[in-house]
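# Commentary on secondary and tertiary structure
Here is how the chains run, residue by residue.
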Amino acid sequence: MPRLVSHPDEVKIVTKRFGQGAANIDRYIELGGYESAKKCLEQGADWIINEMKTSNLRGRGGAGFPTGMKWSFVPKQSQKPKYVLVNGDESEPGTCKDHLIFLHDPHSVIEGTIIAGLAIGSKLGFIYLRGEYRYLLEIMEKAVADAYAKGFLGKNIFGSDTEFQIITQSGAGAYEVGEESALMESLEGKRGVPRIKPPFPAVVGLYGGPTVINNAETIATVPHVIAMGGEAYAAVGSPRNGGTRLFGVSGHVERPGVYELPMGYNLKKIIFDVAGGVRGGRKLKAVVPGGSSTPVLLPEEIETLGMDFDQVGKAGSMLGSGGVVVIDDQTCIVEFALRTISFYQHESCGWCIPCREGTDWLKKSLTRFHAGFGSAKDIDNIQYLAENMLGRTFCPLGDAAAMPTLGFVKKFRKEFEDHLNGKPCPFAKHVELSVV
Amino acid sequence: MSVETMSIFSPQLAARLDALVAKYPVRRSALVPMLLYAQDEVGYLSDAVITEVASRIGITELDVRNVATYYSMLRFKPAGRFNVQVCTNISCMLRGGYDIFDRFQDELGIGHKGVTPDALFSLEEVECIGACCWAPAIQVNYDFHDDLTPDRVPAILDQYRAQAKSEGKADHA
Amino acid sequence: MADVTITVDGKKLTAPAGALLIDVCRKAGIEIPAFCYYPGLSLQAACRMCVVRQEKVPKLQTACTTQVAEGQVFITDSPEITQARKATIELLLGNHPLDCPVCDAGGECELQDMTFKYGAGESRMVDVKRHRDEQQWSPAVYYDRPRCILCYRCIRMCGEGMDVWALGVQNRGASAVIAPNGGDRLDCEQCGMCIDVCPVGALTSGSYRYKTRPWEMNHVATVCTHCADGCKVTLGVRQSPEGAEIIRADNRDKSGINGDFLCAKGRFGFDFVQNPQRVSRPLVRNAQGVLEPVSWERALRTAAMKLTEVRDTRGGSAIGVIGSNSTTNEENYLLQKFARSVLRTNNIDHERTADYAAFAHALAGHAGRAASLRDIASAPAILLVGGDPTKEHPLLAWELRTNVRINRARLYVANTTPIKLERQAKAVLRLPADGYPLLAAYLGGQSTSIRDISFRDALLAEESLVVIFGPEFRGAQLDALVKWGIERPHIRYACIGAYANSRGAADMGLLPHLLPGYVSVSQPGAFSSEYPGMPTAPGKPLQEMLASVSSGDLGALLVVGANPAANQINPAELRKTFLIVQDIFLTETAAMADVVLPAASLYEKTGTVTSTYGDVQLARKAADIPRSKPDFEIIVRLAGAMGVDVKTLVPFGGSAVTADLGQSRGAQAGEADRHAVWLAARSLEPKLSPFDPFATMDEIERLIPAYKLDRLNLFGGNDSPTEPGFVPLSQLIAPDGVTPAHDGLFTSGTLGRYSTSLVDLLRHQSPSMAETAAD
Ligand SMILES: Cc1cc2nc3c(=O)[nH]c(=O)nc-3n(C[C@H](O)[C@H](O)[C@H](O)COP(=O)(O)O)c2cc1C
Ligand code: SF4
Ligand code: SF4
Ligand code: SF4
Ligand code: SF4
Ligand code: FES
Ligand code: FES
């Protein structure tokens, strides 16, 4: 069972019911659950969207798109049914926050989905979990069944004449399916290859109908935003970055875990205060701030860095999924880069040339390079390849592979050079990868 | 052809799959979970599984294969009864994921995608399984084991050996 | 849609709103490279070669998915874009084997061309390339993954274009592969369209692979010799020790009505030309009753003597002539003229597979009511009754599918049995087994046992309609169906029969009761002076001729490119007459002959053929097989041997004459000289040859009002429509001597049996398709 952690600086909004048995629907209700949904049912779509816009809640899936705005893009009138899609594919290395939400507070996801449905005028929501999360899917399925039994889902939710249904869905192992249009393909029983955009999902999404897709954490946050009021929620965070965020701190820290901190909280403090500092008293070498696809940051870059979408963006990286991966000074960056790229090589859907061939080539080069068979030209080539993938691929996975690679080569060129001239890796034992 | 009467699946699974296709606005949406559930029972996606899934959904076998080969949890060869999946992705790697993987290799005497001769275990190095904050982590079938050290590996294997024994007994009882 | 103005590289371009930028650019002569984009197929945005810069948009955009809107500004050529394209090529080449020197596509590979134009001079890649063994999926299709660039054209062509959906993509990332539907084998129509659209050498054809380099071939545009749909085909021809050999067939230049389409027969079924069983020498049955090789002179003399003798002793009516479904119009015309004016017989017929005579009769006097294939391809609504185009008329099926898919045409199908094209149909009327005779009455609003009224209502609501009917419709039934539509405006008709020139055979008068242009033999009009001495009583149809053979009443039978012994008469019976056969193979019929004259196939001669839709096209000589002669020349020589002044037969010389295109000369040593000697011996100018079919073409145009051919168009390789509506209103409807052929995707009458490729494909596809194809 994943360990729960806590720290005084935490502001527990989304995590407030964690560890309190809220997977049980009666317990969830006892803790104030489903009140937000009822309120939304009374207040109506425009009010909900307005609250959401005021809250400055931005998507927790990675891109940080303002949630209220996203919902407002869905056309009011539509020939085809509209859908709500909850993205629980959580596969970005370094990220395990949705895991805890499904485990400890499944009803918040259901309640958030209902509210999203009310906001856009949808009657059907899907909650898609990655295939590996089977035990969490079972928890979600139970929660959904309980919500049906209580009449919170169904033809007449909460005794109203409004209909809302939820279907849970399992993936079967594919990071790319986390991309919104690929997820729709997967949910339609197809290969997880993204779709051509435009049209965007808000207009043409699942089964061709207008669709809102949100990350599970985003959705789980929604009932709290409604309960607190958009304004109060916004006040917790930093400008244009409302509320809190679940930061999953992993890697070389003393107390890894998922911490809920206000947006804009300083990254250095996250590592050194909240997570107890670098493990074994070692030195911090680098930190990946928001999941494996975000460019690495150096210790000097995080001194005053506030963890919100805008500040991390300005620092040349991204807030991403909030997965903070901490790397100590005994770590080989080349090996880390190799492990990162081999993930993207494995997960590239293969649809477009730059990503399919670029990740494969990078993995081959880095494997050879790390094994001590590199040449000086390779370093330039690696940078050249990554630069030429960037912005050229069909979906952001190509960028997700290129950006961290560029970060590693640019910021740790010296360490790459140390691998040259037949010198073996100064740190690592692991030079082979079996994942292909 | 009536799928029900021809099914290669257990009555329970067949019933579950019947319910599954009826659940969605579009039948085909059942495809990915159906493949996974079928694999859970049969062990892998045999030709017979592909054929039956295709007819249940009402698409071609080619379509099923196109989709099935996309997803990394789906396999086309039998795995062990307990499939050990060791995450070596970044968060786990930093905390010794490869040591865990090595220990499993040593204990089981097999490598990546290997199956033990008694077909009890198979081993796989996998990508991030969403347990990064509790790294290093593994999954045995769908069970998570986290905060691991190599020393805990033998006990984990023993746990499944024992489970196999008791289930084996239960089967015979 | 309304036009919008956009700016591309500083140029103002106008295009309909929503048009794809790539098309707009290409039309304006601005080149946009593309691998995955293929006009007419769905969009992929996968290869990223077509990237352009759009003003005010942060990322490069793909021109293949960008729809133009007012005021947009694009740059398609800049250092940034050049670099993007160069990098994409570099990345592709990272795993590409670069085995160009042995690759079939070498020299005509889009990856090579793009590398040349946009690629990098040197390779950065030093790591090992991924390898996978080449796979053979069927006798026709091979796949080589390392060469594959995953543009998905093949998948879309097979699925969207062919509606076969036999190809898919499996695995993901760099391990992705194209996979066939049968696991390791391909179960499909074997059309080879996937090979054709493959931009590289990843898909190769069993018949062509490793045979040659593209630049060693000459390319000859001609017409497919199999079904009646008239695909234009480009034959890749290479010099061989014996003449010229066909090694490939495609239509990559998209000339002709079929665009790039060819079915398995057109694409692979040319190899009959090289079949070792071809008759290579004239044969005459000797005293021992055995066929023995003789000189052309001897063979022609033997045939001529017998024909002359029978005609002069027993009269022309004791001679029968059976013509061909796959000889040229000029040959057919000449054959019947020879029969009528030299042999003095109307006993002339061919193996009829559709009732074109009844069709012509029904349309007589109504111009503009016959539908050419182009009409069908663009018709907003089509009614298909009878037949199964997917199997029997692959090009028609392609045009119908494409019209439905791209133009949203409405297809209505009325059939007694289910056919595949119903997948494209807006409405289907399932007729009872005996339903075809009721159809005209049903359409006319009478109450019949056909109950589905909505189908009729939907049809009648169509403003314009093309009705295509299968060979089930003949005689009075055909007449009634056409009459129904003739009374309404905007209804056109097409009649579908089998074989490359069966329509031409009928149009040219290979019929016992009708002259060229469907003029009755009893009222020959101008023909009586054209064919002095022709008989005016209708002759015997094919069945009756064969009956007379069996009863020993026929003195001589001349069979040109037909094989009645295959299914119409017991071969042994043929020994009861003096049989002269012109053919390319020693068929069941030829084997019984007294004289066998080795003929050139349609791929070895020049002339025109008429598709079942009345579209006339030029067939050009591509291959050259020693010691065979075009039927045209054989007939002229036979007439010459009978002492006829060939000038009366072929109006060569004078103003109408064009030139001898050399097609009457073979390639073997000395043939040209002998040709000159033959001409000289008859004091004929070599360039004004009686073997020039174009001299006869002039006569055809003069005598058949329907054949007003646009020569410029025709010689430019285009189809020229003809109109049976121009025929004089003859009184006769043909006696029903029609036997539908029902050839499938891999069969083509007698000819198909001599194509090893088609035989192999038939075997590969059996039993799933072979039974339907063979029956
Ligand atoms: C390659 C790739 C993988 C992604 N994986 C996930 C994921 O696992 N979970 C998720 O919520 N969003 C993921 N996203 C982001 C989604 O596409 C989408 O932006 C998000 O679900 C929107 O929700 P939000 O607005 O609530 O963030 C991924 C995006 C890409 C490009
Ligand atoms: S960038 Fe291209 S190949 Fe990579 S995952 Fe996206 S679509 Fe697939
Ligand atoms: S040969 Fe034709 S039918 Fe067969 S796979 Fe290729 S395109 Fe499809
Ligand atoms: S086989 Fe050819 S057409 Fe098909 S995806 Fe590969 S390169 Fe493209
Ligand atoms: S057989 Fe018919 S459809 Fe096929 S290529 Fe020849 S003319 Fe075209
Ligand atoms: S990196 Fe191992 S679980 Fe995420
Ligand atoms: S042609 Fe536009 S992406 Fe391939």
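Criteria and cut-off values
- Residues numbered from 1 in each chain as written.
- Chains lettered and ligands numbered in written order.
- Predicted model: local features only at pLDDT ≥ 70, side-chain atom pairs only at ≥ 80, totals over all residues.
- Heavy atoms only, no water.
- Helix = DSSP H or I, 4+ residues; strand = E, 2+ residues; numbered from the N terminus.
- Buried < 20%, exposed > 50% of the residue type's maximum accessible area, 1.4 Å probe, protein only.
- Contact = heavy atoms within 4.5 Å.
- Lys, Arg positive; Asp, Glu negative; His and termini not counted.
- Charge placed at Lys NZ, Arg CZ, Asp CG, Glu CD.
- Domains from an automatic or database assignment.
- Buried area = accessible area lost by both parts, 1.4 Å probe.
- Salt bridge = Lys/Arg side-chain N within 4 Å of Asp/Glu carboxyl O.
- Nonpolar A, V, L, I, M, F, W, Y, C, P; charged D, E, K, R; others polar.
- Near = heavy atom within 4 Å.
- Polar contact = N/O pair within 3.5 Å; in protein donor to acceptor, adjacent residues only side chain to side chain.
- Pairing = 2+ DSSP bridges.
- Disulfide = S-S within 2.5 Å.
- Axes fitted to C-alpha atoms, helices over the stretch in contact; angles between N-to-C directions.

What follows deals with the overall build of chain B. Within chain B, the regular secondary structure consists of 8 helices and 4 strands. Shown N-terminal to C-terminal, the secondary structure of chain B runs as helices and strands in the order α-α-α-α-α-β-α-α-β-β-β-α. Each principal axis of the C-alpha distribution contributes one length, and for chain B these read about 55 × 40 × 25 Å. Residues classed as buried in chain B amount to 58% of the 173 residues present. A separation of at least 24 residues holds for 61% of the contacts in chain B among residues at least 6 apart in sequence. Measuring between centres, the 16 positive side-chain charges of chain B sit 3 Å from its 23 negative side-chain charges.

Residue and element names in this part refer to chain A. Domain parsing of chain A yields domain 1 (25-236), domain 2 (244-328) and domain 3 (333-417). Both sides of the domain 2 and domain 3 interface together cover about 1,000 Å² of buried area, and 72% of this is carbon and sulfur. Counting across the interface, domain 2 meets domain 3 through 2 salt bridges. For glutamate 415, the salt bridge goes to lysine 285, with nearest N and O atoms at 2.7 Å. Taken together, the elements giving at least two residues each to the side of domain 2 that touches domain 3 come down to strand E7 (284-288) and strand E8 (323-328). Top element by residues in the side of domain 2 that touches domain 3 is E7. It accounts for 3 residues. In terms of residue class, the side of domain 2 that touches domain 3 is made up of 9 nonpolar, 3 polar and 2 charged.

Further remarks concern the domain arrangement of chain B. Interfaces are often sized by the amount of accessible area the parts lose when they come together. By domain assignment, chain B separates into domain 1 (3-68) and domain 2 (82-167). A separation of 28 Å is found between the C-alpha centroids of domain 1 of chain B and domain 2 of chain B.

On to the site of ligand 2. Taken together, 13 residues lie around ligand 2, and Cys349, Trp351, Cys352, Cys355 and Cys395 of chain A are the ones closest in. Along the lines of polarity and charge, the residues of the shell around ligand 2 split into 8 nonpolar, 4 polar and 1 charged.

Before going further, it helps to examine the pattern of salt bridges. Pairing between side chains becomes possible if they bear opposite charge and their charged atoms approach one another. All names here are of chain A. Here the structure, examined in full by the defined rule, presents 82 salt bridges over all chains. Linking aspartate 380 and arginine 413 is a salt bridge whose minimum nitrogen-to-oxygen distance equals 2.8 Å. Taken as a pair, aspartate 380 in helix H16 (residues 376-389) and arginine 413 in helix H18 (residues 413-418) lie far apart in primary sequence, 33 residues in all. What makes aspartate 380 partly exposed here is its relative accessible area of 41%.

Each partner contributes to the interface: chain A provides 71 residues, whereas chain B provides 47 residues. If you sort the residues of chain A by the area they bury against chain B, Arg134, Ala172 and Arg339 of chain A come out on top, with a joint share of 14%. On the surface where chain A and chain B come into contact, there are 3 salt bridges. Along the contact surface separating chain A from chain B lie 27 residue pairs in polar contact (both at pLDDT 80 or more). Top element by residues in the side of chain A that touches chain B is helix H14 (residues 333-347) of chain A. It accounts for 8 residues.

This paragraph deals with the interface of chain C and chain B. In this assembly, 11 residues from chain C lie in contact with 7 residues from chain B. Summed over both partners, the interface of chain C with chain B buries about 670 Å², with 52% contributed by carbon and sulfur atoms. Sorting the residues of chain C by area buried against chain B places Gln170, Asn171 and Arg172 of chain C first, and these three jointly supply 65% of that buried surface. Remark: the boundary between chain C and chain B carries 3 residue pairs in polar contact (both at pLDDT 80 or more). At the level of elements, strand E8 (167-170) and strand E9 (177-180) of chain C are the ones that each hand at least two residues to the side of chain C that touches chain B. Considering every element that reaches the side of chain C that touches chain B, the biggest residue donor is E8 of chain C, with 4 residues. Here the side of chain C that touches chain B is built from residues that sort into 6 nonpolar, 4 polar and 1 charged.

This part covers the site of ligand 3. Around ligand 3 sit Cys158, Val164, Leu167, Leu186, Cys188, Glu189, Gln190, Cys191, Gly192 and Cys194 of chain C, and those are all the residues in its vicinity. Of the residues belonging to the shell around ligand 3, the class tally is 7 nonpolar, 2 polar and 1 charged.

Attention now moves to the pairing of strand E27 (residues 595-598) of chain C. Residue and element names in this part refer to chain C. Residues Val595 and Leu597 point to one face of E27 and Val596 and Pro598 to the other, with burial holding for every one of them. In this sheet, E27 lies alongside strand E14 (residues 283-285) in antiparallel orientation, the contact comprising 2 bridges. Across the sheet, valine 284 pairs through a bridge with valine 595, a residue of E27. Relative to E27, strand E26 (residues 578-583) runs parallel, the two sharing 4 bridges. Looking at E27, one finds that isoleucine 580 is bridged to valine 595.

Turning our eyes to something else, we now look at the state of the cysteines. Within this structure, the stated rule accounts for 0 disulfides over all chains. The structure places no disulfide on cysteine 100 of chain C, whose sulfur is separated from the nearest cysteine sulfur, that of cysteine 109 of chain C, by 6.4 Å.

This next bit is on unusual backbone geometry. The omega torsion across lysine 197 of chain A and proline 198 of chain A is -5°, close enough to zero to call that bond cis. Within the secondary structure, proline 198 of chain A sits in the loop between helix H8 (180-187) and strand E4 (211-215). With an omega of 5°, the peptide bond running from proline 198 of chain A to proline 199 of chain A counts as cis. Looking at where proline 199 of chain A falls in the secondary structure, it is placed in the loop between H8 and E4. With phi around 65°, lysine 113 of chain B is a residue other than glycine that occupies positive phi space. Structurally, lysine 113 of chain B can be placed in the loop between helix H7 (97-108) and strand E2 (121-126).

The subject of this paragraph is the sheet that holds strand E13 (residues 243-250) of chain C. Each strand in a sheet pairs with another by means of backbone hydrogen bonds, the pair being arranged parallel or else antiparallel. Residues and elements named next belong to chain C. As summarised here, the arrangement of the 3 strands in space is E11-E12-E13, forming an open sheet in which the pairing is antiparallel. Among the strands making up the open sheet, the edge pair consists of strand E11 (218-223) and E13. Neighbour to neighbour, the strand axes of the sheet diverge by 40° on average, direction disregarded. Taken together, the 7 bridges between strand E12 (residues 232-240) and E13 define a ladder with antiparallel strand orientation. Bridge pairing in E13 links valine 237 to isoleucine 246.

Moving on, we get to the side chain of asparagine 388 of chain A. With respect to the helices and strands, asparagine 388 of chain A occurs in helix H16. Taking the relative accessible area as the measure of exposure, asparagine 388 of chain A reaches 7% and is therefore buried. A polar side-chain atom of asparagine 388 of chain A sits 3.1 Å from a polar atom in the side chain of glutamine 83 of chain C. Ignoring any residue separated from it by four or fewer positions in sequence, one finds asparagine 388 of chain A in contact with Gln83 and Ala87 of chain C.

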